[in-house]
Amino acid sequence: MRRRFGDGRAISLFTLGTMRALGSIEQMETVLKAAVRAGINHLETAPAYGPAERFLGEAMKRSGTVPEGGWVITSKLLPGLSFQEGQQQLEAMLRRLDRPQLDNLAVHGINRPEHLEWALQGDGNALLDWAMDRGLARQVGFSSHGDTTLIQAALESGRFRFCSLHLHLLDPTRIPLARWALDHGLGVMAISPADKGGRLQAPSPTLIDDCRPIPPLTLAYRFLLATGVSTLTIGAEAARDLELAATLAAADGPLDSSEKAALERLQSQRLRRLGADHCGQCRACLPCPQQVPIPDLLRLRNLAVGHDLSGFCQERYNLIARAGHWWELLDASACERCGDCLPRCPHQLPIPDLLEDTHRRLKASPRRRLWG
């Protein structure tokens, strides 16, 4: 089963992300062959993923196994490059991949307004035009870890034909953006719906019970596919990591009654445990005078209390201020209890108290991002 992806070639429901099979070319080759068996025809990579492009280029030459119609390849360039730097990097990408053209060239992380400005004006705009005019890319798009306002601006700019967004079962706040993009003919790729979606490949016993009888990762994949999202990424280290994708390779239909019941149970259990302290993510509390990202922090508290995902939430919380523009810069300790947010909350949440509780629950030893 394949779905439309912007103006490019149709792609499989699952995409092989290449940031994890980095131990050797042989490891990449093994994962690549497993991807073909799983019905995958789309590869996602980037120069920022260490040796991924070089390993991928060599593995494609060695494997002798390709999906029907050949591989569809997406790679990415970080924003902020000069025109000349971008030209050189794109040409180097194509050499490493041993390809004359990328199917999809993305701006790697429109996370701040200046990144979007780079892509729409000046060197970034010129670089994307040059890549298209020279036939080095069939279409251009972007990935983003930014806020919804920035993503909407990027989508509405008309510059891009596909996007890669954090779309998750346990954090559906960007689903309306995905639907807007799909309605306007853009391709939509869900970034890391398993790992960044709550480390669903190793769920807590509580979350397993909340989703029963469907495993949390299966439910997450089906939830996203039923929204019409073009493809979901899987960062596989070994062939076994693609087994579920193989079983769901044609699972593009609407949710059935069992899946709907599992989603209802998931929601009701979360609300039961959080009670009156549940943050509905309406974002009415913003802006905070201290720039505290209140909804994003309380979302982590929702997951820690609501589904016993403390390990995942601690990992995400302790990346704050340690991952540059890829994640938040201020944690809950930055709250000065000024009270500006209180009258704006439609549910009268005691926000400063909840932020204090979030910090107490989740503050731990610093952790490192997977890449960069």
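Keep in mind it's a predicted model, so treat the numbers as computed, not measured. (Residues numbered from 1 in each chain as written. Predicted model: local features only at pLDDT ≥ 70, side-chain atom pairs only at ≥ 80, totals over all residues. Heavy atoms only, no water.)

### Topic: the side chain of Gln269
Cut-off, in case you're wondering: Every helix listed is a DSSP run of H or I at least four residues long, and every strand listed is a run of E at least two residues long, numbered separately from the N terminus. For every residue, the accessible area obtained with a 1.4 Å probe (protein chains only) is divided by the maximum for its type, and the residue is called buried under 20%, exposed over 50%, and partly exposed between those limits. Residue contacts follow a heavy-atom distance rule, with two residues in contact if any of their heavy atoms lie within 4.5 Å.
With respect to the helices and strands, the residue Gln269 is situated in helix H11 (residues 257–274). When its relative accessible area of 13% is taken as the criterion, Gln269 is described as buried. The residues contacting Gln269, other than those within four sequence positions of it, are Asp209, Asp210 and Gly306.

### Description of the packing of aromatic side chains
We describe a pair of aromatic rings using the distance from one ring centre to the other and the angle between the two ring planes. Where we set the bar: Only Phe, Tyr and Trp rings are paired, with Trp represented by its six-membered ring, and only when their centres lie within 6.5 Å; those with planes under 30 degrees apart are stacked, over 60 edge-to-face, the remainder tilted.
Taken as a whole and judged by the stated rule, the model has 4 aromatic pairs. Between Phe5 and Phe162, the aromatic rings sit 5.1 Å apart at their centres with planes inclined by 35°, giving tilted as the arrangement. Of this pair, Phe5 sits in the loop between strand S1 (2–3) and strand S2 (11–12) while Phe162 sits in strand S8 (residues 162–165), and the two are 157 residues apart along the sequence. Grouping residues by exposure puts Phe5 and Phe162 together as buried. Arranged with centres 6.3 Å apart and planes meeting at 85°, the rings of Phe83 and Trp130 form a pair that is edge-to-face. Remark: Trp130 occurs in helix H5 (residues 122–133) and Phe83 occurs in helix H3 (residues 83–97); sequence separation between them is 47 residues. The exposure class assigned to Trp130 is buried, which follows from its relative accessible area of 12%.

### A closer look at the packing of helix H2 (residues 52–63) against H3
Here is the rule: Axis definition: a line fitted to C-alpha atoms, limited for helices to the stretch in contact. Angles are taken between N-to-C directions and run from 0 to 180 degrees. Throughout, the ten residues Ala, Val, Leu, Ile, Met, Phe, Trp, Tyr, Cys and Pro are labelled nonpolar, Asp, Glu, Lys and Arg are labelled charged, and all others, Gly among them, are labelled polar.
As a packed pair, H2 and H3 sit with axes 7 Å apart at the nearest point and diverge in direction by 35°. On the side of H2, the interface is formed by Glu53, Arg54, Leu56, Gly57 and Met60, while H3 contributes Met93, Arg96 and Leu97. For the contact of H2 with H3, the residue count by class is 4 nonpolar, 1 polar and 3 charged.

### A word on the layout of surface pockets
Spelled out, the test is: Detection works on a 1 Å grid of protein atoms alone, calling trapped sets that fit a 1.4 Å probe cavities and calling open sets with protein on both sides within 12 Å along at least five of seven lines pockets, with lining residues defined by an atom within 4 Å of a point. Grid points are joined across faces, edges and corners, and a volume is the space filled by probe spheres set on the points.
By volume, the largest pocket is sized at about 1000 Å³. Every residue lining the largest pocket is counted, 34 residues in all, and those nearest its centre are His145, Gly146, Asp147, Asp296 and Glu328. Tallied by class, residues from the lining of the largest pocket come to 13 nonpolar, 11 polar and 10 charged.

### A word on the pairing of strand S7 (residues 137–144)
Stated formally: Criterion used throughout: strands pair if DSSP finds at least two bridges between them. Note on handedness: a clockwise path from strand one over the helix to strand two, with the strands aimed away from the viewer, defines a right-handed crossover.
The buried count for S7 comes to 7 of 8 residues, which makes it a mostly enclosed element. Of the pairings in the sheet, the one linking strand S6 (residues 102–108) to S7 comprises 6 bridges and is parallel in character. Residue Val107 lies in a different strand from S7, and its bridge partner there is Phe142. Looking at chain direction, S7 and S8 are connected through 3 bridges and run parallel. Looking at S8, one finds that Phe142 is bridged to Cys163. In this view, the connection linking S7 to its parallel neighbour S8 by way of helix H6 (residues 148–156) has right-handed handedness.

### Observations regarding the nonpolar core
What counts here: Among buried residues, those of type Ala, Val, Leu, Ile, Met, Phe, Trp, Tyr and Cys that are joined through side-chain atoms within 4.5 Å constitute a nonpolar core.
Ranked by size, the top nonpolar core spans 110 residues in total, and within it Phe14, Leu90, Leu105, Phe142 and Leu242 carry the most contacts. Apart from the residues lying within four places of it in its own chain, the contact partners of Leu105 are Ser75, Leu77, Leu90, Met93, Leu128, Ala131, Ala137, Gln139, Val140, Gly141 and Phe162. In terms of nonpolar packing, the next biggest core, distinct from the first, is built from 6 residues, Phe5, Val72, Ala106 and Phe162 among them.

### Section: the sheet that holds strand S9 (residues 187–190)
If you trace the 8 strands once around the closed barrel, you get S3-S4-S5-S6-S7-S8-S9-S10, paired in parallel fashion. Put simply, the sheet's adjacent strands are angled 30° from each other on average, direction ignored. Where H3 meets the sheet, it contacts strand S5 (72–77) and S6, and its direction lies at approximately 145° from that of S5. Where H6 meets the sheet, its contacts fall on S7 and S8, and the angle it forms with S7 comes to roughly 165°.

### A closer look at the environment of Cys341
If you trace the backbone, Cys341 turns up in the loop between helix H13 (310–317) and helix H14 (351–362). Assessed through its relative accessible area of 9%, Cys341 is described here as buried. Taking the C-alpha atoms as reference points, Cys341 and Gly141, 200 residues apart in sequence, are found 36 Å from one another. Apart from residues no more than four positions distant in its own chain, Cys341 is found in contact with Cys285, Ile294, Ile351 and Pro352.

### Observations regarding the confidence of the model for the protein chain
So the rule is basically this: Across the chain, each position has a pLDDT score giving the predictor's confidence in that residue, from 0 to 100.
On average, residues of the protein chain score 95 in pLDDT, and 98% of them are at 70 or above. pLDDT under 50 marks residues 366–372. Its contacts with residues more than four places away, or in other chains, come to 18 contacts.

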